[in-house]
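Given next are the chains, with one letter for each unit.
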Amino acid sequence: MSDDSYHHGNLHDTSINIALRLLSEGGADAVTMREIGRQAGVSASAIYRHFANRGALLAAIAEDGFNRLADIHREIRLDETAPTSERFRRMGVEYILFAAENAEQYRLMYGSDAVEREAYPNLNIAAQRLSREVLKMIRVCQVGRVLRRGDARQMAYTVWALSHGAAMLVIDGHVNVPDLRAFADSATESLHVGIERHHEGHAADQDN
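Residues numbered from 1 in each chain as written. Predicted model: local features only at pLDDT ≥ 70, side-chain atom pairs only at ≥ 80, totals over all residues. Heavy atoms only, no water.

Undergrad: Before we move on, can you summarise the environment of E25 with the specific residues and values?
TA: Assignment of secondary structure puts E25 in helix 1 (residues 8-26). E25 gets classed as exposed once you look at its relative accessible area, which sits at 62%. Spatially, the C-alpha atoms of E25 and E104 are 8.9 Å apart, while their sequence positions differ by 79 residues. (Helix = DSSP H or I, 4+ residues; strand = E, 2+ residues; numbered from the N terminus. Buried < 20%, exposed > 50% of the residue type's maximum accessible area, 1.4 Å probe, protein only.)

Shown next, in the form of structure tokens:
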């Protein structure tokens, strides 16, 4: 296949998809422009027309992860058919599942291989988008009297810290988790109990 056989957007997306596969199979070191070009059937120089360098490619992979996770959170937040407390739990569970099931991509987002966001504006925007989705869900829960009053941003940091920590324990093999979803559900439920509304000293309100 010649380099001209791809439309501009197609090779960009194809490169990211190939890079994600290489990443999952061999980690960040396995992602090279030459190998992506080989698998895409184009020259490495064709890949460089879409990504200035390997760092930009890794940033695009991390950006993809942030956007996918933000999309998941947004869908949960907007699902008004589910009780607010259930949406909160789903948010935590899906975060942990995403991180554990996309471990190498998650490392580019937050782990030891994390890409420097300030060098890549689109990556920074995607990361902030995910943070805003978590914050919005916290505020929905406060309005719905599911979570206690207080600084929503600090509460969002607490949610992120537990979810990230639980995910990294799994990713790094520090805990043996035969049922990942059950583990994620238990971790999120423990967090919910810790910050739910009745800890203000009032009786717990019934969810809608």
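There is more to say, and it comes next.
Undergrad: I'd love a proper account of the packing of helix 4 (residues 54-77) against helix 7 (residues 121-143), names of residues and values included.
TA: Interhelical geometry of helix 4 versus helix 7 gives an angle of 20° and a closest axis separation of 8 Å. For the element pair helix 4 / helix 7, the angle class is roughly parallel. Seen along the crossing, helix 4 lies across helix 7 with a hand that is left-handed. When helix 4 is examined against helix 7, the residues A59, A62, E63, F66, N67, L69, A70, D71, H73, R74 and R77 are found in contact with a partner set consisting of N122, L123, A126, A127, R129, L130, E133, V134, K136, M137 and V140. (Axes fitted to C-alpha atoms, helices over the stretch in contact; angles between N-to-C directions. Parallel < 35°, antiparallel > 145°, perpendicular 65-115°, else oblique. Left-handed = near helix turned anticlockwise from the far one by under 90°. Contact = heavy atoms within 4.5 Å.)

Undergrad: Can you explain the pattern of salt bridges? Please cite residues and give values.
TA: Two side chains carrying opposite charge are able to pair once their charged atoms lie near each other. Evaluated as defined, the whole model comprises ten salt bridges. We note a salt bridge from E189 to R89, for which the minimum N-O separation is 3.6 Å. Of this pair, E189 sits in helix 9 (residues 180-195) while R89 sits in helix 5 (residues 84-101), and the two are 100 residues apart along the sequence. A salt bridge links R107 to E104; its shortest N-O distance comes to 3.6 Å. Remark: E104 and R107 occur in helix 6 (residues 103-109); sequence separation between them is three residues, near one turn of the helix. (Salt bridge = Lys/Arg side-chain N within 4 Å of Asp/Glu carboxyl O.)

Undergrad: Can you lay out helix 7 for me, pointing to particular residues and giving the numbers?
TA: In this model helix 7 runs 32 Å from its N-terminal to its C-terminal C-alpha over 23 residues, within 8% of the 33 Å that 1.5 Å per residue would give. Buried within helix 7 we find L123, N124, A126, A127, L130, E133, V134, L135, M137, I138, C141 and Q142. Residues of helix 7 that are buried make contact with helix 4, helix 5 and helix 8 (152-171). Of the residues flanking the end of helix 7, it is R145, one or two places downstream, whose phi is positive at about 60°. (Expected span 1.5 Å × (residues − 1).)

Undergrad: Can you explain the confidence of the model for the protein? Please cite residues and give values.
TA: Detailed conclusions should not be drawn from predicted coordinates in areas where pLDDT is low. Per-residue confidence for the protein gives a mean pLDDT of 88; residues scoring 70 or more make up 89%. Within the protein, helix 4 carries the highest mean pLDDT (96), whereas helix 9 carries the lowest (86). For residues 1-8, every residue scores under 50 in pLDDT, and the model assigns this stretch 14 contacts once sequence neighbours within four places are set aside. Contacts of residues 198-208 to residues separated by more than four positions or lying in other chains number 19 contacts, the stretch itself having pLDDT below 50. (pLDDT = per-residue confidence, 0-100.)

Undergrad: Could you give me a rundown of the layout of surface pockets, with the residues and numbers involved?
TA: Computed from the structure, the largest pocket encloses a volume of approximately 300 Å³. Contributing to the lining of the largest pocket are 14 residues, with L130, S131, R132, A156 and Y157 lying nearest its centre. Taken together, the elements giving at least two residues each to the lining of the largest pocket come down to helix 7 and helix 8. Per element, the largest residue contribution to the lining of the largest pocket is seven residues, and it comes from helix 7. (1 Å grid on protein atoms, 1.4 Å probe; cavity = no way out; pocket = protein on both sides within 12 Å on 5 of 7 lines; lining within 4 Å. Points joined across faces, edges and corners; volume = space filled by probe spheres on them.)

Undergrad: Explain empty space enclosed by the protein to me, using residue names and the numbers behind them.
TA: Evaluation of the coordinates by the stated rule reveals one cavity of 30 Å³ or more. Every residue along the wall of the largest cavity is listed here: H73, M91, G92, Y95, V134, V159, W160 and S163. Secondary-structure elements contributing two or more residues to the lining of the largest cavity are helix 5 and helix 8. Among the residues making up the lining of the largest cavity, the classes are represented as five nonpolar, three polar and no charged. (Nonpolar A, V, L, I, M, F, W, Y, C, P; charged D, E, K, R; others polar.)

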